[in-house]
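A structural walkthrough
What follows is the residue order along each chain.
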Protein chains: 2
Amino acid sequence: MGFLKNPSLISSRILKLSFFLIVFIVNNSFGAFGAKTRHFKWEVEYMHWAPDCKEGVVMGINGQFPGPTIQARAGDTIHLELTNHLHTEGVVIHWHGIRQIDTPWADGTASISQCPINPGESFVYRFKVDKAGTYFYHGHYGMQRSAGLYGSLIVDVEEGKKEPFHYDGEFNLLLSDLWHKSAHEQEVDLSSKPMRWIGEPQSLLINGRGQNNCSLAAGFNNSTLSKCKLRGNEQCAPQILQVLPNKTYRLRVASTTALASLSLAIGNHKMIIVEADGNYIQPFEVDNMDIYSGDSYSVLFTTNQDPSINYWISVSVRGREPKTPQGLTILNYKTTSASKLPTLPPPISPPWNDYNHSKSFTFKILSQMGSPKPPVRPHRRIVLLNTQNFIDGQTKWSINNVSLVLPATPLLGSMKYNLKGAFDPKKPPESFSANYDVMNPSSNPNSTTGSLVYTLRFNTTIDVILQNANALAANVSEIHPWHLHGHDFWVLGYGEGRFKEGDEKKFNLKNPPLRNTAVIFPFGWTALRFVADNPGVWAFHCHIEPHLHMGMGVVFAEGVRRIGKIPDEALTCGLTAKMFMSTKN
Amino acid sequence: MGFLKNPSLISSRILKLSFFLIVFIVNNSFGAFGAKTRHFKWEVEYMHWAPDCKEGVVMGINGQFPGPTIQARAGDTIHLELTNHLHTEGVVIHWHGIRQIDTPWADGTASISQCPINPGESFVYRFKVDKAGTYFYHGHYGMQRSAGLYGSLIVDVEEGKKEPFHYDGEFNLLLSDLWHKSAHEQEVDLSSKPMRWIGEPQSLLINGRGQNNCSLAAGFNNSTLSKCKLRGNEQCAPQILQVLPNKTYRLRVASTTALASLSLAIGNHKMIIVEADGNYIQPFEVDNMDIYSGDSYSVLFTTNQDPSINYWISVSVRGREPKTPQGLTILNYKTTSASKLPTLPPPISPPWNDYNHSKSFTFKILSQMGSPKPPVRPHRRIVLLNTQNFIDGQTKWSINNVSLVLPATPLLGSMKYNLKGAFDPKKPPESFSANYDVMNPSSNPNSTTGSLVYTLRFNTTIDVILQNANALAANVSEIHPWHLHGHDFWVLGYGEGRFKEGDEKKFNLKNPPLRNTAVIFPFGWTALRFVADNPGVWAFHCHIEPHLHMGMGVVFAEGVRRIGKIPDEALTCGLTAKMFMSTKN
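Quick caveat, the model's predicted, so the values are computed rather than measured.

A closer look at the relation of the copies chain B and chain A
Once chain B has been moved 0.0 Å along the axis and rotated by 180 degrees, it coincides with chain A to within an RMSD of 0.0 Å. Accordingly, the operation relating the two chain copies is best matched by a two-fold axis. In terms of C-alpha distance to the rotation axis, chain B has glutamate 89 of chain B as its closest residue, with the C-alpha 2.1 Å off the axis. Interface overlap between copies is the fraction of interface residues in one copy that are interface residues in the other; for chain B against chain A it reaches 100%, indicating a shared surface.

Structure, rendered in structure tokens:
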């Protein structure tokens, strides 16, 4: 009868708690005060998979795509042995949103925190998940995130503690985008002279599932795709969210897209945003929410609609002219059949270029009362101009006209051991020319490549002004979600045009949200503040993977002399390996 | 007028010597007795390229595909700094046919002689080319050879010495095969459960050039492809060989195919084979010659045909039912226009399964008078059964029912330093069951994977009997060209069916050819002899790259205690890195 004969259903996690408890007890050992060390053994390999019904190759973990969801409690320690079963490629995994206090070597960023794990070798990531929240993990080497190396990381509040909001059950929605061209080929395209842009994704995925050659909502939308004929057990069949009427559910939403900025909506249901990037915020209600690559949110919704029909959950592209169909799944009231298609059309997302709508959403994100407040004054302000450049025939993204090229020897080791020649020691520019016109294309004749390492005095307060500008083409300025490793930062404010002296007087010091990812809007600026209190070397970059590949990032090094023991395995390459080996062989 | 407006011409090397001399003097420094150290700086990267007129991605060196030709003289030292500009992949290069005496760490085989060179890092290969001959080089990690990482390596006789045959000029023909599916995807296909076979190549390439969507010989053959419309400067335009009438030319032919066994012919011209794998042989004349992956030959031909027309040079698939068009280029008598197509049809190669023709060619290859003779008796005989197996749902090639899986720590280091746990120390089987029926499929229920390291006593004489057998499907037994690193071996004989006691009495000890690659014919055996006199750890494997990927190889370790200093850079991974680093960090 329905479009799915045996729908792939997920029930909310709280209702399945008894099942989870059994698994946890078997897998893990309890420590003091209820905190545990949770052990995982993961194997990374390429697999044939059909995330959007068209078969291709993805990076999987333990035979799964997306990788397994890590479920832990605040205070737990993750002990994860990762084995590389790729044939010729190294691999690392970044634990997005985890601050890695005392474990900067476990941050999983190639060229920064560790050497790539070579094929056939293993590496143990051991780190504390100190703060409850919605996180995820992903590859951070080349474009392995685009290749499908990602999954969810959920940290619940400590045993016995309560969230500041009530809910009856929860679901994870990990959002991503998919290209049919391999990530390898995309890397070559992006590095070509002239650069070949990867274009828009073929599909949007919800928990690794989408439909490219058919539409769940055929008939409702003006797509020419025919209605999907899925049995429900396909790799591309949507995971249907099963709910009971008149309950409140928590959606844990995270975006690990390579490129796409997204809008999420649940047909007929309001959503209340309560958490952003692992930090509680002042709840506010929306019909649809924006989510950029690198963002994570918790959202509450109440099942107060007609329980005899089902509803769409939709994901649409924003900020770029969308050429990708909506990603869809179904909210199923258990009072009706999960196989019944919704009778109403899928939610219509705001126009892709309605930036006022986006800004209105973003500006509503404010910290909850009682959240940590930022220091009143910074010790240093770093202004980072986001531009595009031509360098040696390649199109690059540049920061203050320097395009990031990461060194072969990871910076954490080379800086701790003060190795000469491991990276470009030149101090990167603290700002950009006063004459630079952010509203128009610039030829940027002096642009170069570099390691872009900003050394921060330990425990100082740093302001970063992310300054957007016109890209190479006239009248083009794109959205960039910037993600900081090792820290949360306060988002102090946003502005239009070029940041100017005096703008800091308008900073929100009262209730700025703490986040690890913040967006810059076209032709605008965003001001961030953080305290450089986490000894380590940390990436700060646009979370759009092709942009990072094209050089859009910088590195912050802080408290370098306080960096503790780095496991040998993290140093087994480049000049650190040379240093340790030179006298013995 | 012609099919090529500006044909891409190559003149023979001897005639261009003046040009080469200038280049050599600039690049290289002369040493004592005329021997030189030749310095090279190579950068490996992926590039867009259209080897067969369809654009794809290949591995290139210094922007070239195939990689640059190395030209040296016997006794010279090659000093080659290789920098890896791939994004996430390691790389190594094997110098096929070079014995690496005293430099086993420079053999360029991942997991055996060195750690892969990580992205952004460099490695210096330094080795002596001690013997004149026709060689080539190629990637030896995953399926990077299939990805296009190869080139020619030509070693001329020492200054003042003469070849034992006369010629007026010479050309290189490096033969390869090309798939439109990436080598990455092929690796995934081959490792899948169930295995997905890569199929036949889309194109055959001569010096990296072929035509897939058109035919140079349209009208002559029964192909439906239309005539190529090439200007001559395309990446896929054939390199036309320009000759003068009534001269003798040397063709240096080498095959680096991933899969295809080939037949080479020059329309209307006889060929005299004078060198095989860097060793002089008794000259013999043929109309067409077989060449297997891993083989190299020198061939003389005389331009004694009608100088007013041009002639085809053709390459065709043998030993597998051919689904790939002939590879073609043109022999141009300078007395006529290079743009004129031959008026005769391309040479017709023998039927693909005419194994008697193949055997007849192979059996004619005998060493030249005065060549080194094999020791009369071996100290040890190792019999290697070549079978296919299912292991854990994967299709594997196996040797004595063990399928090769190489360790993460290269064996040269782990054996020199006697590291525990670096590889499976189990002695591999010296032979296979007396009950095994080589003429029929076997289920091989006890097949396993392993490191297959045969430890050979230094300076002993080893006989290897390569025993072919039926593969998994009934009535199927394939050709396998086996290549030995670090050595030449004598090919003592070939036989049909199972090798049995007494067969050794028929061995040719009088004039067996010295080679580094030898073929086993379907359902037959091939007997080889070599002296384990080169301290090192050496791969011995089927040179068909997907077969090696599926486990078709073994390792010979000899004189391990005599292995000298290994550069640190060759050991910077796995347990050797751990050993050197453990006490210092």
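Once you've had a look at it, read on.
Considerations on helix H6 (residues 574-581) of chain A
Every buried residue belonging to H6 of chain A is among Gly574, Thr576, Ala577, Phe580 and Met581 of chain A, and all of these are buried. Around the axis of H6 of chain A, the buried residues are gathered within 160 degrees of arc, so they sit on the same side. Elements in contact with the buried residues of H6 of chain A: helix H4 (411-416) of chain A together with helix H6 (574-581) of chain B.

Considerations on the packing of H6 of chain A against H6 of chain B
Across the interface, H6 of chain A lies against H6 of chain B with an axial gap of 8 Å and an inter-helix angle of 55 degrees. By the angle between their directions, the pair H6 of chain A and H6 of chain B is classed as oblique. Crossing of H6 of chain A over H6 of chain B shows left-handed handedness. Together, Thr576, Ala577, Phe580 and Met581 of chain A of H6 of chain A and Ala577, Phe580 and Met581 of chain B of H6 of chain B make up the contact between the two elements. Along the lines of polarity and charge, the residues of the contact of H6 of chain A with H6 of chain B split into 6 nonpolar, 1 polar and no charged.

Some remarks on the state of the cysteines
Throughout the structure, instances matching the rule amount to 6 disulfides over all chains. Each disulfide pairs two cysteine sulfurs, and for cysteine 115 of chain A the partner residue is cysteine 573 of chain A, the sulfurs being separated by 2.0 Å. Here cysteine 115 of chain A and cysteine 573 of chain A share a disulfide; its torsion about the S-S bond, -85 degrees, makes the bridge left-handed. Pair noted here: cysteine 115 of chain A is in the loop between strand E7 (93-96) and strand E8 (122-129) and cysteine 573 of chain A is in the loop between strand E34 (553-558) and H6, with a separation of 458 residues, a long-range link. For cysteine 115 of chain A, a relative accessible area of 2% translates into the label buried. For cysteine 573 of chain A, a relative accessible area of 1% puts it in the buried group. Across a sulfur-sulfur distance of 2.1 Å, cysteine 214 of chain B and cysteine 228 of chain B are joined as a disulfide pair.

Some words on the UniProt feature "domain: Plastocyanin-like" (unreviewed entry) in chain A
Residues and elements named next belong to chain A. In the numbering adopted here, UniProt assigns the feature "domain: Plastocyanin-like" (unreviewed entry) to residues 44-158, 171-334 and 427-559. Annotated as residues 44-158, this span is 0% helix and 44% strand, and its ends, taken at the C-alpha atoms, are 30 Å apart. Between the end C-alpha atoms of residues 171-334 the distance is 15 Å, and the span holds 5% helix and 43% strand.

Notes on the environment of phenylalanine 423 of chain A
Residues and elements named next belong to chain A. For phenylalanine 423, the location among the structural elements is in the loop between H4 and strand E25 (448-450). Residue phenylalanine 423 is classed as buried on the basis of its relative accessible area of 18%. Between the C-alpha atom of phenylalanine 423 and that of serine 451, which follows or precedes it by 28 residues, the distance is 6.4 Å.

Brief notes about the pairing of strand E28 (residues 480-484) of chain B
Put simply, side chains in a regular strand alternate between the two faces of the sheet. Residue and element names in this part refer to chain B. Across the 5 residues that make up E28, a large majority, 5, are buried. Going residue by residue along E28, you find His480, Trp482 and Leu484 tucked away on one face and Pro481 and His483 tucked away on the opposite face as well. Direction of pairing for E28 relative to strand E31 (residues 517-520): antiparallel, over a ladder of 4 bridges. In the strand pairing of E31, histidine 480 is matched with isoleucine 520. Sheet analysis places E28 next to strand E33 (residues 536-542), joined by 3 bridges and oriented antiparallel. In the sheet register, histidine 483 faces E33, and the bridge partner there is histidine 541.

About the criteria used
- Residues numbered from 1 in each chain as written.
- Chains lettered and ligands numbered in written order.
- Predicted model: local features only at pLDDT ≥ 70, side-chain atom pairs only at ≥ 80, totals over all residues.
- Heavy atoms only, no water.
- Least-squares fit on C-alpha atoms with pLDDT ≥ 70 in both.
- Contact = heavy atoms within 4.5 Å.
- Buried < 20%, exposed > 50% of the residue type's maximum accessible area, 1.4 Å probe, protein only.
- Helix = DSSP H or I, 4+ residues; strand = E, 2+ residues; numbered from the N terminus.
- Arc of directions from axis to C-beta.
- Axes fitted to C-alpha atoms, helices over the stretch in contact; angles between N-to-C directions.
- Parallel < 35°, antiparallel > 145°, perpendicular 65-115°, else oblique.
- Left-handed = near helix turned anticlockwise from the far one by under 90°.
- Nonpolar A, V, L, I, M, F, W, Y, C, P; charged D, E, K, R; others polar.
- Disulfide = S-S within 2.5 Å.
- UniProt positions renumbered as here; feature names shortened; annotations may be inferred.
- Pairing = 2+ DSSP bridges.

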